[in-house]
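Notes for the structure review
Here is how the chains run, residue by residue.
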Amino acid sequence: MTTRERAHAIARRGTVLSGVMLVALILVYVRALMFTPIERFQGPAQKIFYVHAPAAWSALLAFAITGILSILYLWLRDHRMDLAASASAEVGVAFSVVMLTTGPIWGKPIWGTWWTWDARLTSTLFIFLLFVGYLVMRGAVADPDTRARYSAVLGIMGLVLVPFIHATVFLFRTLHPDPILMKPDKPSLPGDMLVTLLFSFGVFTLLYVGFVTQRYALALLEDLRDEEAANRAVS
Amino acid sequence: MREALKAAGAIALKDLAVEWRTKTALVSSLAFAVLVLAILFFARDPTAIGVVDVAPGALWVTFTFAAMIGLNRAFLMERENRALDGILLAPVPSSAVFLGKVAANLVFVTTVEAVSLPLFVLFYDVPLWPRLPALALVIAMATFAFVVVGTLLSSMVVQTRFAELMLPLLLLPFLVPPVVGAVQITARLLAGRPLSEGEGWLRLLLAFDIVYFGLATLLFDDTIDK
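Residues numbered from 1 in each chain as written. Chains lettered and ligands numbered in written order. Predicted model: local features only at pLDDT ≥ 70, side-chain atom pairs only at ≥ 80, totals over all residues.

**Looking at the overall build of chain A**
The cut-off we apply is this: Numbering of helices and strands runs from the N terminus; a helix is a DSSP stretch of H or I covering at least four residues, while a strand is a stretch of E covering at least two. Put plainly, a residue is buried at 20 or more neighbouring C-beta atoms within 10 Å of its own, exposed at 12 or fewer, and partly exposed in between, counting only other residues' C-beta atoms, which are placed from the backbone.
If you tally the helices and strands in chain A, you get 6 helices and 0 strands. From first element to last, N terminus to C terminus, chain A shows the α and β order α-α-α-α-α-α. Projected onto the principal axes, the alpha-carbon positions of chain A cover approximately 70 × 45 × 25 Å. Each of the 235 residues in chain A was classed as buried or not, and the buried ones make up 37%.

See below:
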């Protein structure tokens, strides 16, 4: 099988998985809105939780995988690791946007404010910005090998930064207690809600896998195109 | 080990000699620092917010912004005529090059800070002198943190398009822990409270310094084209 055929095969698998999961996402909405009881204290606003928490999970999973693939790239020097790391970062940024927009929509009625400098909100915001920088930098380096090394360095630096940012916000808050004491953690959920949530977590995780697979296949094809263009220029 | 340190020293001295002859980066960083200090003084409602309340933040915003202007310089000047290739041809480990660059940047940023600190006292009229030893410790720890990360990032950034734009974008997320910590301790010191109140922050700064110094020294090898 040629590289092109392999890339197309990967892309097809990614498209099928993403397609199935997008249908499953509709089922998540239907189940969350119609077949899951309304939460007693938060009312209908709590429904956004079934999208928000899984999106946050997928985003953080994406960034963690980018960091791990960065370490693997510097170790094994396999170009595919770099392509997969960048695919994961891109999908992570997309999920972060879902997380950072659904969060405030829920926060306004429940916390009474769109935004609060809570530990989780702040750390996810800075990690999101860090990965936006990661993608911008990738666009600014022309040579694929240099781009891969720089991205890997930044990916590892970013992975290490996460606990530091978390500690920073934690120290900041313990010294200046926030008037809004309600934490984003949920108590143990009743059965129906838990099933909806776990269903949604599963869908978002597989949606992440589907998107990354597609994006990775696209990166392989982009690589191939650049290679062919270079060969044509030589001959 | 001694050879490597000697090489690092030579690189640092070379960088500082070049800077001393032109003084372009030094003068622009200093002028920039004064401008930021002056602008931040007016960026508040004087009837509602006392100058002591904004002083710690103003000091650290000035330090980081002024440092950022100077940090790109270390590798930008090696880009001309591919001078870095010449340095890398020398039989020294690449970590020695990194240490040399970090040392030169530390001297550069410390000079900018040493000049802008008295100006800060002058402009903001804060009781800083009795707390100087404690403050110097905090400044040293936070400066080390952002010089280490900044030097590593600038070695990559100068090879990209829009180099000047890229450094702040990549560096600022990394400055959150050291700068927030430094501002918190500075605020307590200026309010006349003991250094021990900022113990948690000092630990965070120390951990950041150690972890990122080790990581950056390891990773530097992958940021240079061989």
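**Quick look at the overall build of chain B**
In plain terms, the rule: What counts as a contact here is a pair of residues whose C-beta atoms, placed from the backbone, lie within 7 Å.
Each helix and strand in chain B was counted, giving 9 helices and 0 strands. Taken from N to C terminus, the helices and strands of chain B fall in the order α-α-α-α-α-α-α-α-α. Dimensions of chain B, computed from C-alpha atoms along their principal axes, come out at roughly 60 × 35 × 30 Å. A burial count over chain B gives 45% of its 226 residues as buried. Taking as baseline every contact in chain B between residues at least 6 positions apart, the subset at least 24 positions apart corresponds to 85%.

**Looking at helix 2 (residues 49-76) of chain A**
Quick reminder of the rule: Between the first and last residue of a helix there are one fewer steps than residues, each counted as 1.5 Å, and that sum is the expected span.
The terminal C-alpha atoms of helix 2 of chain A, which comprises 28 residues, lie 40 Å apart, in line with the 40 Å expected from a rise of 1.5 Å per residue. One or two residues past the end of helix 2 of chain A sits Arg77 of chain A, with phi positive at roughly 55°.

**Remarks on the confidence of the model for chain A**
Do not read the fine detail of predicted coordinates wherever pLDDT is low. We apply this condition: The pLDDT value tells you how sure the predictor is about a given residue, anywhere from 0 up to 100.
A residue-level look at chain A finds 94% of positions with pLDDT of 70 or above and a mean pLDDT of 87. Counting contacts from residues 176-184 of chain A, a segment whose pLDDT is below 50, to residues more than four positions away or on other chains yields 6 contacts.

**A look at the environment of Trp201 of chain B**
Among the secondary structure elements, Trp201 of chain B is positioned in helix 9 (residues 199-219). Among the residues examined, Trp201 of chain B registers 27 C-beta atoms within 10 Å and is labelled buried. The sequence separation of Trp201 of chain B and Glu80 of chain B amounts to 121 residues, and the corresponding C-alpha distance is 40 Å. Not counting residues within four places of it along the chain, the set of residues in contact with Trp201 of chain B comprises Leu171 of chain A together with Gly181, Gln184 and Ile185 of chain B.

**Overview of unusual backbone geometry**
All names here are of chain B. Of note, the phi angle at Lys23 is positive, near 60°, even though the residue is not glycine. Counting through the fold element by element, Lys23 comes out in the loop between helix 1 (2-22) and helix 2 (24-42). Of the residues examined, Lys23 has 10 C-beta atoms within 10 Å and is grouped as exposed. Positive phi, normally seen in glycine, also occurs at Asp125, with a value near 50°. With respect to the helices, strands and loops of the structure, Asp125 is situated in the loop between helix 6 (94-124) and helix 7 (132-157).

**Details of the interface of chain B and chain A**
Rules: Just so you know the grouping, Ala, Val, Leu, Ile, Met, Phe, Trp, Tyr, Cys and Pro go in nonpolar, Asp, Glu, Lys and Arg go in charged, and all remaining residues, Gly too, go in polar.
At the interface, 24 residues of chain B touch 25 residues of chain A. If one sorts the elements of the side of chain B that touches chain A by residue count, helix 8 (residues 163-190) of chain B sits on top with 9 residues. A per-class count over the side of chain B that touches chain A returns 16 nonpolar, 5 polar and 3 charged.

**Points about the environment of Val126 of chain B**
Residue and element names in this part refer to chain B. Summarising the element assignment, Val126 is placed in the loop between helix 6 and helix 7. Spatially, the C-alpha atoms of Val126 and Thr64 are 20 Å apart, while their sequence positions differ by 62 residues. Setting aside anything within four residues of it in sequence, one finds Val126 in contact with Val52, Ala55, Val121 and Leu190.

**Considerations on the confidence of the model for chain B**
Residues and elements named next belong to chain B. On average, residues of chain B carry a pLDDT of 90, and 100% of them reach 70 or more. Between the elements of chain B, mean pLDDT differs from a low of 80, seen in helix 4 (residues 73-79), to a high of 95, seen in helix 9. Interface predicted TM-score (ipTM) for the complex: 0.89; the corresponding pTM is 0.88.

**Description of helix 9 of chain B**
Residue and element names in this part refer to chain B. Basically, it comes down to this: As used here, the arc belongs to the directions running from the helix axis to the C-beta atoms.
Compared with an ideal rise of 1.5 Å per residue, which puts 21 residues at 30 Å, helix 9 spans 30 Å between its outermost C-alpha atoms and is within 8% of the ideal. Listed in full, the buried residues belonging to helix 9 are Trp201, Leu204, Leu205, Phe208, Tyr212, Ala216 and Leu219. All buried residues of helix 9 lie within an arc of 95° about the axis, which places them on one face of the element. Of the exposed residues in helix 9, those oriented more than 90 degrees away from the buried face are Glu199, Ile210 and Gly214.

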